[in-house]
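Below, each chain spelled out in residue letters.
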Amino acid sequence: MYHGSLMLKIYTSSVFHRHDTGPGHPERASRLDAAIEGVTRAGVREQLIVDPDLHPETSRIIAKVHSAQYERDLDDATRAGFRYFHSVDNPISSASFSAARAAVGISLAAAAEAYGSGDARRAFVIARPPGHHAERAQAMGFCFFNTIACVAEFLREQPGIERVFIYDFDVHHGNGTQHLFEERGDVYYASIHRYPFYPGTGAREEIGTGAGRGFTKNVPLEAGEGDAAFLRATEDEIVRAIDEFRPNAILLSAGFDAHRRDPLGGMRVTEGAYGELTRRIVESAERWCGGRLFSLLEGGYDLEGLAASVAEHVNVLSAGSTRTAPPAD
Ligand SMILES: [Zn+2]
């Protein structure tokens, strides 16, 4: 069943604005405004939900992914006001714990809707701080809680969801997400990223270990690559991996910092390629997941590049694939 514009819901929260990283930090609150500007440009602003309730299982799921000591340390450090947490990459302020927790709680609520019985089968969460660098007990690269890993753990508990596929197209490798799932065969982590580059992980040889061997895929890209390499990797490697894995759920770690304007990424991807990438994954979701798809904002540090890329991303998420004719109701 297709419900037109009801298919996509977009979520954000005012608490994300209050995570203050200090002057000059690229991971700043104005990124949220840029992403919402992208939603407006795509003409789907009325599908934006601000300040939804956190999912009631938020604390329990965070405790599955992160150590209790780590969570306490972050909470305590946040209460002390502005300071660095674990490294100078990770400035925090009084609202940072609440913001990181809300990123998880809103993402769980959004995933519950998309993979439950609601009308909206697609979700895009505009959150910060981002999450894919966060390890079980280590903040890294502007990330505190690994939100996409929390969503994967949550969905694995839902009936009928036995295999979850995470596609991370942020320009940086999601070391945290890979490490959390690399020994498991039920959550597949796939990433395209610039390599070698921060955080240093993500070589093609990293394919998972033990029962997880073959369920991690890393597609390194050279500095300065653009749309052709980006889309070829998605088509030839990621979409193929999805078809072999046959997931019940697909999650996107949607970082837009490979955009040609991005000050950190050093790549030449255009916003149009983000739309094309999204279309490929929407097609995969239609093949394997009843069209359901969850997407979470990770990086993206040029405000115009982020707005333009988010516009393309949500435009395709809301419209569905243009190449696959929807079945008649
Ligand atoms: Zn990034």
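Heads up: these notes are all about the structure in this document. (Residues numbered from 1 in each chain as written. Predicted model: local features only at pLDDT ≥ 70, side-chain atom pairs only at ≥ 80, totals over all residues.)

### A look at the overall build of the protein
Right, on to step 1. Helix and strand content of the protein: nine helices and ten strands.
Right, on to step 2. Residue burial in the protein is summarised as follows: out of 329 residues, 55% are buried. (Helix = DSSP H or I, 4+ residues; strand = E, 2+ residues; numbered from the N terminus. Buried ≥ 20, exposed ≤ 12 C-beta atoms within 10 Å, placed from the backbone.)

### A word on the pairing of strand β10 (residues 293-297)
Right, on to step 1. Most of β10 sits inside the fold, with five of its five residues counted as buried.
Right, on to step 2. Of the two faces of β10, the one lined by Leu293, Ser295 and Leu297 and the one lined by Phe294 and Leu296 are each fully buried.
Right, on to step 3. Judged from the four bridges that link them, strand β5 (residues 122-125) and β10 form a sheet pairing that is parallel. Bridge pairing links Arg122 to Leu293 in β10.
Right, on to step 4. For strand β9 (residues 249-254) and β10, the ladder comprises four bridges, and the chain directions are parallel. From the neighbouring strand, Leu251 faces β10, where its bridge partner is Phe294.
Right, on to step 5. The parallel pair β9 and β10 is bridged by helix α8 (residues 271-288), and the resulting crossover is right-handed. (Pairing = 2+ DSSP bridges. Right-handed = clockwise from strand over helix to strand, strands pointing away.)

### A few points about the packing of helix α7 (residues 227-245) against α8
Right, on to step 1. Interhelical geometry of α7 versus α8 gives an angle of 10 degrees and a closest axis separation of 10 Å. Taken together, the axes of α7 and α8 are roughly parallel relative to one another. Residues Asp227, Phe230, Leu231, Thr234, Glu235, Val239 and Ile242 of α7 touch α8, and the partners they reach there are Ala273, Glu276, Leu277, Arg280, Ser284 and Trp288.
Right, on to step 2. Of the residues in the contact of α7 with α8, the class split is seven nonpolar, two polar and four charged. (Axes fitted to C-alpha atoms, helices over the stretch in contact; angles between N-to-C directions. Parallel < 35°, antiparallel > 145°, perpendicular 65-115°, else oblique. Contact = placed C-beta atoms within 7 Å. Nonpolar A, V, L, I, M, F, W, Y, C, P; charged D, E, K, R; others polar.)

### Some words on the sheet that holds strand β7 (residues 187-194)
Right, on to step 1. Strand order across the open sheet formed by eight strands is β2-β1-β5-β10-β9-β6-β7-β8, with parallel pairing between neighbours. Of all strands in the sheet, those with a lone pairing partner are β2 (48-50) and β8 (216-221), marking the two edges. This sheet shows a mean twist of 15 degrees between the axes of neighbouring strands, independent of strand direction.
Right, on to step 2. Contacting β6 (164-168), β9 and β10, α8 runs over the sheet at an angle of about 160 degrees to β9.
Right, on to step 3. Here helix α9 (residues 303-319) sits on the sheet and contacts β1 (8-12), β5, β9 and β10; the angle it forms with β1, its principal contact strand, is near 140 degrees.

### Examining the environment of Glu135
Right, on to step 1. In this fold, Glu135 is placed in the loop between β5 and α5 (147-156).
Right, on to step 2. Setting aside its immediate chain neighbours within four residues, Glu135 contacts Met140, Gly176 and His179.

### As for unusual backbone geometry
Right, on to step 1. Here the bond from Arg128 into Pro129 is cis, since omega is 0 degrees, no more than 30 degrees from zero.
Right, on to step 2. Here Pro129 lies in the loop between β5 and α5.
Right, on to step 3. Between Tyr195 and the following residue, Pro196, the backbone shows a cis peptide bond with an omega angle of -5 degrees.
Right, on to step 4. When you line up the elements, Pro196 lands in the loop between β7 and β8.
Right, on to step 5. Positioned with a positive phi, Asp51 is a non-glycine residue whose angle comes to about 60 degrees.
Right, on to step 6. Checked against the element boundaries, Asp51 lands in the loop between β2 and α2 (58-65).
Right, on to step 7. Positive phi, close to 70 degrees, is recorded for His86, a residue that is not glycine.

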